[in-house]
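# Fold and contact review
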Amino acid sequence: MSGPRYTDLVSALPASVPFVGPEEMERLRGAPFTARLGANENVFGPSPKAIAAMQATSGEIWMYGDPLSWELRQALAAHHGCGIENIVVGEGIDALLGYLVRLLVGPGDMVVTSQGAYPTFNYHVTGFGGTLEMVPYLGDSEDLRALIARGAEVKAKLVYFANPDNPMGSYLPGAEIAEALAALPEDTLLILDEAYGEFAPEDAALPLPIDDPRVIRMRTFSKAYGMAGARVGYALGAAELIRSFDKIRNHFGMNRAAQAGALAALQDADWLAQTRAAVAASRERIGEIAAANGLSALPSATNFVAVDCGADGAFAKAVLDALVAQGVFVRMPFVAPQNRCIRISCGTPAQMDLLAEALPGALDAARHARAAERT
């Protein structure tokens, strides 16, 4: 046998992943990072109550998790003021995006997103044969009106918009999103990725019913709740759309420990408030470190800050590489002109001290490399 017979679509796709994980980067560099500030993880960790709940399930791990995530969905419904039929739980937003694309996108179907926005979504679209239409950012923010307009032009099935935005950290008031939806075609669905919603100002919330059929909202326990490794996400939307996930989702994808941890985390409002305060303090510290080095930090409504390195993408990449060489893991946007920035996740005071120590040398190395290129 010469090998499996792949589909024509899979045969045409490159073997790639949207991100190189920090663990792989550590293996390649032969040393661990001293400050892991590149994956937008919540280094302040989950609620102790969530940890205790997950530990308590260890003796029950021989059982499958509830395929309906019933208790968690009940709590989420109460939290968001909607029905349990308006919520589906999945293995992080990444998996839910994949399920949604599988539900709605076939070969040749059009999907609109921003050039430089979350690449995992694009990975799912191309994986199911969809065609991506890219819209440039407006300044350093996603341009929702342009996304919707382009969606109407190409008869897109899906339009993707993150609020707050990754990788720039900007956000759009929910009232403006609601107003822009008036131009969304009837047969187009807006994906509103709210992964960083718990960090955003109150006016970022969309003032529309959860079951508005024009939009599906994506939420996660990976960011503010500090449970990225547990892979718990959920989608909020119209009951008919949410019910359709049952046709194709992995019904036993959610393990018992993750469900228990998410439920406990949701119920610990004090820990969430403490985390928000710690993130806000770290955002301020990143801004101070940037200013002390002659750089500017972009306003952020997330748990990361995009820092403008003041030149082009090549210079920012040199700064990033020099930080990584010193054990400080950060990332950067993929597309110009946003790639003039490096993206720094919020961290502990000790991690911020490491960043402050490493950044001057990284900038010097990048400037020397730039000068050498010009001579």
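Shown above is the structure to which this text applies.
Below, the structure is looked at part by part. (Residues numbered from 1 in each chain as written. Predicted model: local features only at pLDDT ≥ 70, side-chain atom pairs only at ≥ 80, totals over all residues. Heavy atoms only, no water.)

### Observations regarding the pattern of salt bridges
Defined as follows: Each reported salt bridge corresponds to a side-chain nitrogen of Lys or Arg within 4 Å of a carboxyl oxygen of Asp or Glu. Numbered from the N terminus, helices here are DSSP runs of H or I no shorter than four residues, and strands are runs of E no shorter than two.
Following the criterion strictly, the structure yields 18 salt bridges and no others. Two residues, Arg 150 and Glu 133, come together in a salt bridge whose shortest N-O distance is 2.8 Å. Taken together, the positions of Arg 150 in helix H7 (residues 144–154) and Glu 133 in strand S4 (residues 131–135) put the pair 17 residues apart, joining distant regions of the chain. Between Arg 145 and Glu 179 there is a salt bridge whose closest N-O contact spans 3.5 Å. Taken as a pair, Arg 145 in helix H7 and Glu 179 in helix H8 (residues 174–180) lie far apart in primary sequence, 34 residues in all.

### So, the packing of aromatic side chains
The way to describe two aromatic rings as a pair is by their centre distance and the angle between their planes. Note the threshold: Here a Phe, Tyr or Trp ring, Trp counted by its six-membered ring, pairs with any other such ring whose centre lies within 6.5 Å, and the pair is stacked when the planes are under 30 degrees apart, edge-to-face when over 60, and tilted otherwise. Partly exposed describes any residue whose relative accessible area lies between the buried limit of under 20% and the exposed limit of over 50%, with all areas from a 1.4 Å probe on protein chains only and scaled to the type maximum. Charge-over-ring placement is defined geometrically: NZ (Lys) or CZ (Arg) within 6 Å of the ring centre, and within 35 degrees of the ring normal.
Taken as a whole and assessed by the stated rule, the structure comprises eight aromatic pairs. Ring geometry for Phe 33 versus Phe 329: centroids 5.2 Å apart, planes at 25°, classification stacked. Here the residue Phe 33 occupies a position in the loop between helix H2 (22–29) and strand S1 (35–36), and Phe 329 occupies one in strand S11 (residues 328–329), the gap between them amounting to 296 residues. There is no split in this pair, since Phe 33 and Phe 329 are both buried. Pairing Tyr 64 with Phe 252 gives two aromatic rings, centres 4.8 Å apart and planes at 40°, and the pair type is tilted. You can see Tyr 64 sitting in the loop between helix H3 (48–56) and helix H4 (70–80) and its partner Phe 252 sitting in the loop between helix H9 (239–244) and helix H10 (256–266), a full 188 residues away along the chain. Residue classification places Tyr 64 among the exposed positions, given a relative accessible area of 63%. On the basis of relative accessible area, Phe 252 is assigned to the partly exposed category, the value being 46%. Looking at Arg 343, its charged tip hangs above the ring of Phe 304, at a distance of 5.5 Å from the centre.

In short, geometric facts, not functional conclusions.
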